[in-house]
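Spelled out, the chains give:
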Amino acid sequence: MWQTIQASASSSGVNFVILELGIVFLALSLLAWIALKFKISSVPLFLLAGLSLGKGGIAPLDLSEDFLNVGAEIGALLLMLVLGLEYSASDLVQSLKSRWHSGVVDLLLNALPAAVLALVLGYGLFGALAFSGIMFVSSSGIASQMIRETGWAKSNVAKRTTGVLVLEDIMLAPYLPLVATATLGLGALGGLISVGVALVITAGVFLISHGRELPGLRALTHQGPGVLLLLVFGSALAISGAANFAGFSGAIAAFFVGMLLTGEVAESLRSRFAPLREIYSAIFFLFFGLSISYVDVLAVLPVALLFTVIGVAGKFGLGWWVGRDLTDPTSWKRIGAFLSPRGEFSMIIASTVAIDSALAGIKEITLGVVVLTSLTSTLLIRAFRSKFEN
């Protein structure tokens, strides 16, 4: 009898969690509609929804820490997979050849000032390393969404912006294992091994996929849509998990899985994953917000504002460098606005280093930076559009 009561209580608890999550996703659909209506990024709204439902929020959900961590991880990997589908090895090689100098300027204008500010604020050398990566990388997801919504997908501004985005993403391949190694305190030798593994894997991906199609890929297009989606989904999760064990970034591994899928397979997957992209984004950013207390975010908001100011200024400086030869004098401003938002990779870095007690508050600061930079870039794009196009 007692076992029956316990089972019934457990079942009721699970059903209540399912009901809560269902209501949450209905609310997220409303937020996505609002974002589309007002032509702003949905990411800040998803993060704020997570904050309101997280620790100390207005209606906190009763979810375990493991559930939140796994949910955020799966959302991040799927988001990286979809982003990888938008690029190919040829695109990345071309970006490296023609835009390598942009990477150097990006480091000087964004990574370096962030590192200096972190040192000034007392976060130490490891904090400087972490914040330099958080502020260096722009959000490919938010930038791509903004480019599509503004109708500039085929413009030179979009091509220059995309070139910088893919360059930043690929530069994170050796950086993320280095940060993970430093977080775990494995020492210089461990760091060198992790970076070496990352470079070998990155080079291997380029050699395998550049200028050719993987054997058997074309045959996948003739499989049923369910078979193809499950195969790619399972492969991305399995490879990402194995990559984490090998000291490589699971997020970058998922990105590479998407990048390796070229030709007809990639086109087929883009059309099938496109409706799911918003769901993956919602899962990732929602679960990130759920793991943070809004009280802690308010406490570090001035610091987040400082990083936002230097971050937006740095990306506009990079935008000028990348677009200074374009005939339209406003092009560099648009490039700077598209590059300003921080997002998925910044949060992945923050989550990786957050276990270090010396970096308490880094997730909260990063969340503040993502919200502030996303809103700022949206408003700037709207201002430039209304002034020069309407």
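This text follows the structure it describes.
Throughout, residues of each chain are indexed from 1 in the direction in which the sequence is written. Confidence filtering applies because this is a predicted model: local features only for residues at pLDDT of at least 70, side-chain atom pairs given and counted only at 80 or more, and all residues used for totals across whole chains, interfaces and linings. Based on all heavy atoms of the structure, the side-chain values leave hydrogens and waters out of the count.

(A) Region of the structure containing the pattern of salt bridges. By definition, a salt bridge exists where a carboxyl oxygen of Asp or Glu is found within 4 Å of a side-chain nitrogen of Lys or Arg. For the structure shown, the criterion picks out four salt bridges. With its nearest N and O atoms 3.5 Å apart, the salt bridge here joins Arg334 to Asp328. Each residue gets one of three labels from its accessible area relative to the maximum for its type: buried under 20%, exposed over 50%, partly exposed in between, using a 1.4 Å probe on protein chains only. We classify Arg334 as buried; its relative accessible area is 8%. Sharing partners across several salt bridges, the network here consists of Asp106, Glu168 and Lys315.

(B) Region of interest: the nonpolar core. The biggest cluster of nonpolar side chains holds 91 residues, and the ones touching the most others in it are Leu47, Phe307, Phe345 and Ile365. Each helix is a run of H or I in the DSSP string that is no shorter than four residues. Each strand is a run of E no shorter than two, and both are numbered from the N terminus. It is helix α7 (residues 156–184) that contributes the most residues to this core, 11 residues altogether. The contacts of Phe345, once residues within four sequence positions are left out, are Met80, Val137, Asp169, Leu172, Leu176, Ala251 and Ile252. For the purposes of this section, nonpolar cores are sets of buried Ala, Val, Leu, Ile, Met, Phe, Trp, Tyr and Cys residues that join through side-chain atoms within 4.5 Å. Core analysis: the second largest hydrophobic core is formed by 12 residues, Leu81, Val82, Val232 and Phe273 among them. Contact between two residues is taken to exist if any of their heavy atoms lie within 4.5 Å; hydrogens are not considered.

(C) Quick peek at the side chain of Ser340. Along the chain, Ser340 falls in the loop between α15 (331–339) and α16 (344–353). Here a polar contact means two N or O atoms within 3.5 Å. Within protein one must be a hydrogen donor candidate and the other an acceptor candidate, and residues neighboring in sequence count only if both atoms are side-chain atoms. A distance of 2.7 Å separates a polar atom in the side chain of Ser340 from the backbone oxygen of Gly336. Beyond its immediate stretch of four places on either side in the chain, Ser340 contacts Val312, Lys315, Phe316, Thr373 and Ser377.

(D) Structural detail: the packing of aromatic side chains. Stacked, edge-to-face and tilted are the three classes for Phe, Tyr and Trp ring pairs, Trp counted by its six-membered ring, which pair at centre distances within 6.5 Å; planes under 30 degrees apart are stacked, over 60 edge-to-face, the rest tilted. As enumerated under the stated definition, the model contains three aromatic pairs in all. Measuring from ring centre to ring centre gives 6.4 Å for Phe316 and Trp332, while their planes differ by 90 degrees; the resulting arrangement is edge-to-face. On the criterion of sequence distance, the pair formed by Phe316 in helix α14 (residues 301–323) and Trp332 in helix α15 is long-range, its members being 16 residues apart. On the basis of relative accessibility, which here comes to 25%, the residue Trp332 falls in the partly exposed class. Taken together through their ring pairs, the aromatic side chains of Tyr123, Phe131 and Phe307 make up a single cluster. Whether a charge sits over a ring comes down to the Lys NZ or Arg CZ being within 6 Å of the ring centre and within 35 degrees of the ring normal. The side chain of Lys315 reaches across the aromatic face of Phe136, ending 5.7 Å from its centre. Cation over ring: Lys363 sits above Phe288, and NZ or CZ is 5.3 Å from the ring centre.

(E) Focus on a nonpolar patch on the surface. Exposure above 30% relative accessible area and no salt bridge define the residues that can form patches, which grow by joining like charges within 9 Å and nonpolar side chains of Val, Leu, Ile, Met, Phe, Trp and Tyr within 5 Å. Accessible surface is estimated by sampling points in the Shrake-Rupley manner with a 1.4 Å probe; for residues, cover comes only from the protein chains shown. A surface patch of nonpolar side chains, about 670 Å² in accessible area, is lined by Trp100, Val104, Leu108, Leu109, Leu112, Val116 and Val120. Mapped onto the elements, Trp100 comes out in helix α4 (residues 89–120). The exposure class assigned to Trp100 is exposed, which follows from its relative accessible area of 53%.

(F) The environment of Gly127, seen in detail. Note that Gly127 resides in helix α5 (residues 124–136). Other than its neighbours up to four places away in sequence, Gly127 contacts Ala118 and Leu359.

Just geometry here; none of it tells us what the structure is for.
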